[in-house]
Amino acid sequence: MSDPLHLVCPHCQAVNRVPGERLAAEPACGQCHQPLFTGHPLAVDEAAFQKHLTRNDIPVLVDFWATWCGPCQMMAPHFAQAATRLEPHVRLLKVDTDAEQALGTRHAIRSIPTLALFRGGREVARQSGAMQAAGIVQWVHAQGA
């Protein structure tokens, strides 16, 4: 039996313990009973971003973007498609750098879209520029996630 993983609920932000072998079994939150994985990236504010970064035991892939950015808009459906292929082994988040300027500053986001991969709350890889779904998935796997 594998060690349990801590997973933050995308709905109520409760931290759940899920045995690693049960990730593919569509686990639900123990508090709100909603699915822990939805197959869609989760738009987050600063508080939710911090909780997902520090409390998830799986890697977290973040799309730093803005509503006015054409390449960001073009990549959005590809990032959503990548979520269906990467979950439940990677949590995908979206951060609007206009709405959450402090996060963009803290993480030194200089161009958008920028993808950043985090493990254990620390950034381990970064890629700027729009990507197709297959490219996103390939890049994440190349980082060992």
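The preceding data block contains the structure.
Here the structure is a predicted model, which means the values were calculated and not measured.

Participant: Explain the sheet that holds strand E5 (residues 91-96) here, please?
Facilitator: Strand-to-strand pairing in sheets goes through backbone hydrogen bonds, with the strands running parallel or antiparallel. Reading across the sheet, the 5 strands line up as E3-E5-E4-E6-E7 and stay open at both edges, with mixed pairing between neighbours. In this open sheet, the two edge strands, each paired with only one partner strand, are strand E3 (42-43) and strand E7 (122-128).

Participant: How should I be thinking about helix H2 (residues 70-86) in this particular structure?
Facilitator: Given 3.6 residues per helical turn, the α-helix brings residues three or four places apart onto the same face. Its 17 residues give H2 an end-to-end C-alpha distance of 24 Å, which sits within 8% of 24 Å, the value for a rise of 1.5 Å per residue. By the largest-angle criterion, Ala76 marks the main kink of H2, which is about 35 degrees, and a proline, Pro77, follows within four residues. What H2 keeps buried is the set Cys72, Met75, Phe79, Ala82, Ala83 and Leu86. On the buried face of H2, the contacting elements are strand E4 (60-65), E5, strand E6 (114-119) and helix H4 (133-142).

Participant: Just to check I follow, could you spell out the nonpolar core for this structure?
Facilitator: Among soluble globular proteins, nonpolar side chains are generally buried collectively. Judged by nonpolar contacts, the single largest core of 16 residues is most densely connected at Leu61, Leu86, Leu92, Leu115, Ile136 and Trp139. Those elements giving two or more residues to this core turn out to be H2, E6 and H4. A total of 5 residues in this core trace back to one element, the largest contributor, which is H2. Residues Phe49, Phe64, Leu103 and Phe118 belong to the second largest nonpolar core, which totals 14 residues.

Participant: Is there a simple way to explain the packing of aromatic side chains in this structure?
Facilitator: What characterises a pair of aromatic rings is the spacing of the ring centres plus the angle enclosed by the ring planes. Evaluation of the coordinates by the stated rule reveals 2 aromatic pairs. Note on Phe49 and Phe118: the rings are 6.1 Å apart at their centroids and 90 degrees apart in plane angle, and the pair reads as edge-to-face. Residue Phe49 is found in helix H1 (residues 46-55), and its partner Phe118 is found in strand E6; the two are separated by 69 residues along the sequence. A relative accessible area of 0% places Phe49 in the buried class. Here a set of aromatic residues connected by ring pairs shows up, and it is made of Phe49, Phe64 and Phe118. When the ring centre of Trp65 is taken as origin, the NZ or CZ atom of Lys94, which lies over that ring, is 4.9 Å away.

How each quantity is defined
- Residues numbered from 1 in each chain as written.
- Predicted model: local features only at pLDDT ≥ 70, side-chain atom pairs only at ≥ 80, totals over all residues.
- Heavy atoms only, no water.
- Pairing = 2+ DSSP bridges.
- Helix = DSSP H or I, 4+ residues; strand = E, 2+ residues; numbered from the N terminus.
- Expected span 1.5 Å × (residues − 1).
- Bend = angle between axes of the 7 residues up to and from the residue.
- Buried < 20%, exposed > 50% of the residue type's maximum accessible area, 1.4 Å probe, protein only.
- Contact = heavy atoms within 4.5 Å.
- Core = buried A, V, L, I, M, F, W, Y, C linked by side-chain atoms within 4.5 Å.
- Phe/Tyr/Trp six-rings, centres within 6.5 Å; stacked < 30°, edge-to-face > 60°.
- Lys NZ or Arg CZ within 6 Å of the ring centre and 35° of its normal.

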